[in-house]
Amino acid sequence: MIELKNISKSFWRHEVLRNINLNVETGEVVVILGPSGSGKTTLLRCVNYLEKPAGGEIAVGDFRMDCARAKRGDVLRLRRKTAMVFQQYNLFRHKTALENVMEALLVVKKLPPKEARGRSVSLLEKVGLGDKLDAYPSRLSGGQQQRVGIARALALEPEVILFDEPTSALDPELVGEVLEVIRNIAREGITMIVVTHEMGFARDVANRVVFMDGGVVVEEGTPDEVFQRPREERTKQFLRRITPEANYSI
Amino acid sequence: MGASFDIGYVFSFLPKLLDTLGVTLLIVAGSLLTGIVAGFLVALPRMYKIPVLRALSGVYLSFFRGTPILIQLFLFYYGLPELLKPLGFDLSRAPVMLFVILAYGLHTGAYAAEMIRASVEAVDRGQVEAAYAAGMTPYQALSRIVLPQALGIAVPVFSNLVIALLKDTSLAFTLGVMEMTGKAQTLGTLTQHFVETYIALALIYLVISFTLEKVLLAAERRLNRHEAREERVVRRFALGKRGSYRAALADIETGKGGGI
Ligand SMILES: Nc1ncnc2c1ncn2[C@@H]1O[C@H](COP(=O)(O)OP(=O)(O)OP(=O)(O)O)[C@@H](O)[C@H]1O
Ligand SMILES: [Mg+2]
C-alpha cells in the first residue's frame with residue numbers, strides 16, 4: 001500500500017503541490033489527470049524522491065519516511081521499493097535492451113548474472129521484445145524503447161510502478177502497443193500510479209481516477225464517477241476541453 | 001644564413017631526431033597522466049557545486065588557460081623552488097623533467113577538467129534519473145551509466161588535447177630539456193642546415209599527430225557504436241553528421257592549439 005500524506009513542494013516561491021493526500025491500495029491502478037502545469041509530474045517524482053518534497057510523509061509497503069527529515073539511506077530504500085517509467089523512456093543508451101533490464105538486478109539487487117539474465121529475458125519476452133534482446137536503444141522504435149522501459153521497471157519487482165505520460169512522446173501508431181502492455185500488467189495486479197492523457201485507457205484500466213489542478217487534488221473517484229458524474233466545476237471544464245462532445249455524453 | 005639547402009640532410013637528421021622521441025613522449029605521457037588526475041580533481045567540485053573548492057578550481061582554470069604555456073614553464077621552473085624553500089623543501093637539485101611534467105600536466109589539467117565536465121554534462125540527465133529511480137547510488141550511476149558514455153563523447157576533445165600537448169612540448173627546450181625540438185636546435189647550430197632540421201622535425205610531429213588522430217577516431221567509433229544506426233546509413237551520412245558532432249564538441253576546446 002502507498003500512502004502520501006500532506007505532500008507539499010515549491011520551486012523557489014512557486015507552490016506546485018499543496019498538502020496532497022493520496023492512498024493507493026495494493027493492486028490498485030490509479031490514474032492522475034489534470035491540465036498542464038497542475039503538478040502531476042512533480043507529484044510522481046516526489047513519490048520516489050527525484051524531487052525533494054518540502055514536507056509530508058511517504059509510506060510504501062512497510063516503509064515510512066518523513067520527507068523533511070529523509071536521510072540518504074531512506075531515499076535509497078524508498079527508491080528500491082518503487083520503479084518509474086518515463087515519458088522520454090530514459091533507457092541507458094550504451095546498453096542493449098537486455099542489459100538495460102539486467103542493470104539494476106545486478107547492481108542494486110545483486111542477483112547472480114545468470115538469474116538476472118533469465119529474469120530479464122522472460123520480462124522482455126513478456127513485453128513482446130524477445131527478438132530484440134541485443135538491440136541498442138538507438139535501433140529501437142519509440143514504442144519498443146518504452147516497452148523495454150516497462151520491462152526494466154517490472155524487473156525490480158517494486159511495490160508500485162509510477163508512469164509519467166508513458167505514451168505521449170510516441171507516434172500515434174505506436175501508442176496502442178505500449179498501452180496494451182500496461183493494460184496486461186495492470187491485470188496481473190501490479191500497483192500503478194499513471195499520469196496520462198489517454199482517456200480511453202484511463203476509463204478502461206483505472207480503479208480510481210484522481211483529478212489535480214493547481215497543485216491540489218480537486219476530485220477523485222471511480223472512472224465512472226469522475227468521467228460521467230464529475231462534481232467539481234473545474235473537473236467538468238477539463239473534461240469538456242479534453243474529450244470530444246460525442247464521447248463525453250456516452 | 002646557414003648552409004645551402006640539401007634535401008639529403010632531412011633524411012640524415014630524421015634518425016637523430018628520433019633518438020629523442022622518447023623524451024618527448026615521456027613528457028606527453030607524464031603530463032597526460034598528471035593532467036587527467038588534476039582534471040578530475042578540478043572538474044568534480046564544479047560539477048557537484050561544492051562551494052569553496054569550486055572557486056579555487058575557477059582560479060586554477062583561469063590561470064592555466066589565461067596565461068601562455070611558456071610563462072607557466074618558467075614560473076614552475078624558477079618560481080616553485082623559491083616558493084618551497086621557506087617550507088624546507090630543497091628543489092635546487094630536482095630534475096628539470098619534474099618541473100616540465102608538472103607544468104604541462106597542470107596546464108593540460110585545465111583543459112581536461114573542461115573536457116570532463118562538458119562530457120559528463122552531455123550525457124542526458126534522464127538516464128541519471130532512471131538510474132536513481134532504480135535505486136542506484138550516485139557513485140553507481142556515475143561509474144556505470146554516465147562515465148562510459150562520457151568517455152565516448154570526450155574522445156574528440158581528448159584527441160585535440162593530446163595533439164596540442166604534443167606540439168606544446170616543443171617548448172621544453174627553453175628549459176634545456178633535450179627533447180626533439182631541443183635536439184633540432186642543436187643539430188641546426190652544428191651543421192647550419194636549419195631548414196632541413198625543421199623540415200625533418202615537422203615531418204615527425206606530423207606523422208605522430210596524424211597517427212594519434214586516426215587511432216583516437218577509431219576508439220571513438222568503437223566507444224560510440226551503440227549510437228550507430230543501420231550500417232549503410234552510417235556510411236552515407238557519416239561525414240556530415242559526425243563532422244558537426246565532432247566540431248560541436250571540439251568547440252569546447254576553442255583557444256587551445258597553439259603554444260605561444
Ligand atoms: N524543475 C523545475 N523548476 C521550476 N519549476 C518547475 C520545475 N518543474 C516543474 N516546475 C513547475 O511546476 C509546475 C508543475 O509542473 P509539472 O511538470 O508537475 O506539471 P504537469 O501536471 O506534469 O504538467 P504537464 O501535463 O504539462 O506534464 C509547473 O508550473 C512547472 O512550471
Ligand atoms: Mg508532466
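Numbering of residues begins from 1 in every chain and follows the order in which that chain's sequence is written. To read the labels, note that chains go from A and ligands from 1, taken in the order they are written. Local features in a predicted model are, by the rule used here, given only for residues with pLDDT of at least 70; side-chain atom pairs are given and counted only at 80 or more, and totals for whole chains, interfaces and linings are based on all residues. Each side-chain value is worked out from all heavy atoms of the structure, with water and hydrogens disregarded.

A. Up close: the interface of chain B and chain A. Counting residues at the interface gives 23 residues for chain B and 25 residues for chain A. When the two sides are added together, the surface that chain B and chain A hide from each other amounts to roughly 2200 Å², 53% of it contributed by carbon and sulfur. A quick way to say it: buried area is the sum, across both parts, of accessible area lost when two parts are put together, with a 1.4 Å probe. Among the residues of chain B in contact with chain A, Ala133, Arg144 and His226 of chain B are the three that bury the most area, contributing 24% of the side total. A carboxyl oxygen of Asp or Glu within 4 Å of a side-chain nitrogen of Lys or Arg is what we treat as a salt bridge. Joining chain B to chain A, the criterion identifies three salt bridges. The partner of Glu227 of chain B in a salt bridge is Arg93 of chain A, and the shortest N-O contact between them spans 2.8 Å. Mapped onto the side of chain B that touches chain A, the elements with two or more residues apiece are helix H6 (125-133) and helix H7 (138-168) of chain B. A per-element tally of the side of chain B that touches chain A places H6 of chain B first, with seven residues. For the side of chain B that touches chain A, the per-class residue count stands at nine nonpolar, seven polar and seven charged. Here, residues are in contact when the closest pair of their heavy atoms is within 4.5 Å. In this description a helix means any DSSP run of H or I spanning at least four residues, a strand means any run of E spanning at least two, and both kinds are numbered starting from the N terminus. We call Asp, Glu, Lys and Arg charged. Ala, Val, Leu, Ile, Met, Phe, Trp, Tyr, Cys and Pro are nonpolar, and the rest, Gly among them, are polar.

B. Broad picture of the pattern of salt bridges. Residues and elements named next belong to chain A. Tallied over the entire structure, the rule returns 23 salt bridges over all chains. Its salt-bridge partner being Glu3, residue Arg64 comes within 3.1 Å of it at the nearest N-O pair. One end of the pair, Arg64, is in strand S5 (residues 63-66); the other, Glu3, is in strand S1 (residues 2-11), with 61 residues separating them in the sequence. Relative accessible area serves as the criterion here: at 46%, Arg64 is assigned to the partly exposed category. Note on exposure labels: buried denotes an accessible area under 20% of the residue type's maximum, exposed denotes more than 50%, and partly exposed covers the range between, all computed with a 1.4 Å probe on protein chains only.

C. Looking closely at the sheet that holds strand S4 (residues 55-60) of chain A. All names here are of chain A. Pairing between strands is defined by DSSP: at least two bridges between the two strands are required. Spatial ordering of the open sheet is given by S2-S1-S4-S5, a layout of four strands whose pairing is antiparallel. At either end of the open sheet lies a strand with only one pairing partner, and these are strand S2 (14-24) and S5. In this sheet, adjacent strand axes meet at a mean angle of 15 degrees when their direction is disregarded. By the bridge criterion, five bridges tie S1 to S4 in an arrangement that is antiparallel. Bridge pairing in S4 links Lys5 to Glu57. Here an angle of 0 to 180 degrees is reported between the N-to-C directions of two axes, which are lines fitted to C-alpha atoms, with helices fitted over the stretch in contact.

D. Representation of the environment of Leu106 of chain A within the structure. If you trace the backbone, Leu106 of chain A turns up in helix H3 (residues 97-107). Taking the C-alpha atoms as reference, Leu106 of chain A lies 6.6 Å from Ala116 of chain A; in sequence the two are ten residues apart.

E. Layout of the site of ligand 1. All names here are of chain A. Definition of nearness: a residue and a molecule or strand are near each other if at least one heavy atom of the residue lies within 4 Å of the molecule or strand. Around ligand 1 there are 13 residues in total, and Ser36, Gly37, Lys40, Thr41 and Thr42 lie nearest to it. Here a polar contact is recorded for every N or O atom pair within 3.5 Å, except that within protein the pair must consist of a potential hydrogen donor and a potential acceptor, and residues adjacent in sequence are included only if both atoms are side-chain atoms. At a separation of 3.3 Å, an oxygen atom of ligand 1 approaches a polar side-chain atom of His14. Separating an oxygen atom of ligand 1 from a side-chain N or O atom of Lys40 is a distance of 2.7 Å. For every accessible area listed, the method is Shrake-Rupley and the probe measures 1.4 Å; residues are considered covered only by the protein chains on display. Computed on the free molecule, ligand 1 has an accessible area of 630 Å², of which 62% lies beneath the protein chains in the complex. Counting residues per element, the ones that place at least two in the shell around ligand 1 are S2 and helix H1 (40-47). Top element by residues in the shell around ligand 1 is H1. It accounts for three residues. Looking at side-chain class alone, the shell around ligand 1 contains three nonpolar, eight polar and two charged residues.

F. The sheet that holds strand S9 (residues 208-213) of chain A, seen in detail. Residues and elements named next belong to chain A. Spatially, six strands are ordered S6-S7-S8-S3-S9-S10 in an open sheet, and the strand pairing comes out mixed. Here the strands that pair on one side only, and so sit at the sheet edges, are strand S6 (82-85) and strand S10 (216-221). Neighbour-to-neighbour, the strand axes of the sheet open up by a mean angle of 20 degrees, direction not taken into account. Examined bridge by bridge, strand S3 (residues 29-33) and strand S8 (residues 192-195) share four bridges and lie parallel to one another. In the sheet register, Val31 faces S8, and the bridge partner there is Val194. In the packing of H1 onto the sheet, contacts are made with S3, S6, strand S7 (160-164), S8 and S9, and the angle to S7 comes to roughly 150 degrees.

G. Examining the packing of aromatic side chains more closely. Residues and elements named next belong to chain B. For Phe, Tyr and Trp, where Trp contributes only its six-membered ring, two rings pair if their centres lie within 6.5 Å, and the inter-plane angle classes them as stacked under 30 degrees, edge-to-face over 60, or tilted in between. The final tally for this structure, using the stated rule, is eight aromatic pairs over all chains. Both rings, one in Tyr60 and one in Phe64, keep their centres 4.8 Å apart while their planes meet at 50 degrees; by these two values the pair is tilted. Of the two residues, Tyr60 and Phe64 both sit in helix H3 (residues 51-66), four residues apart, roughly one turn of that helix. On the accessibility criterion, Phe64 (6% relative accessible area) is buried. Taking the centre distance of 4.8 Å and the plane angle of 85 degrees together, the rings of Phe63 and Phe64 count as edge-to-face. Taken together through their ring pairs, the aromatic side chains of Tyr60, Phe63, Phe64 and Phe76 make up a single cluster.

H. Broad picture of helix H9 (residues 194-223) of chain B. Given a helix with a known number of residues, its expected span is that number minus one, times 1.5 Å. If you check H9 of chain B, its first and last C-alpha atoms are 43 Å apart, about what 30 residues at 1.5 Å a residue would give, namely 44 Å. Among the residues making up H9 of chain B, those that are buried are Glu196, Thr197, Ala200, Leu201, Ile204, Tyr205, Ile208, Ser209, Leu216, Leu217 and Glu220 of chain B.

I. Local environment of the confidence of the model for chain A. pLDDT measures the predictor's confidence residue by residue and takes values from 0 up to 100. Across chain A, pLDDT averages 94, with 97% of residues at or above 70. Looking over chain A, one finds the lowest element-wise mean pLDDT in helix H10 (residues 245-249) of chain A, namely 49, and the highest in S6 of chain A, namely 98.

J. Molecular detail of a nonpolar patch on the surface. Residues and elements named next belong to chain B. On the surface, a cluster of nonpolar side chains totalling about 700 Å² of accessible area is made up of Phe5, Ile7, Phe11, Val195, Ile199, Leu203 and Leu206. Where the nonpolar patch is concerned, the elements lending two or more residues are helix H1 (7-18) and H9. Tallying contributions element by element places H9 first for the nonpolar patch, with four residues. With respect to the secondary-structure elements, Ile199 resides in helix H9. Residues with no salt bridge and a relative accessible area higher than 30% make up the patches, which join like charges within 9 Å and nonpolar side chains (Val, Leu, Ile, Met, Phe, Trp, Tyr) within 5 Å.

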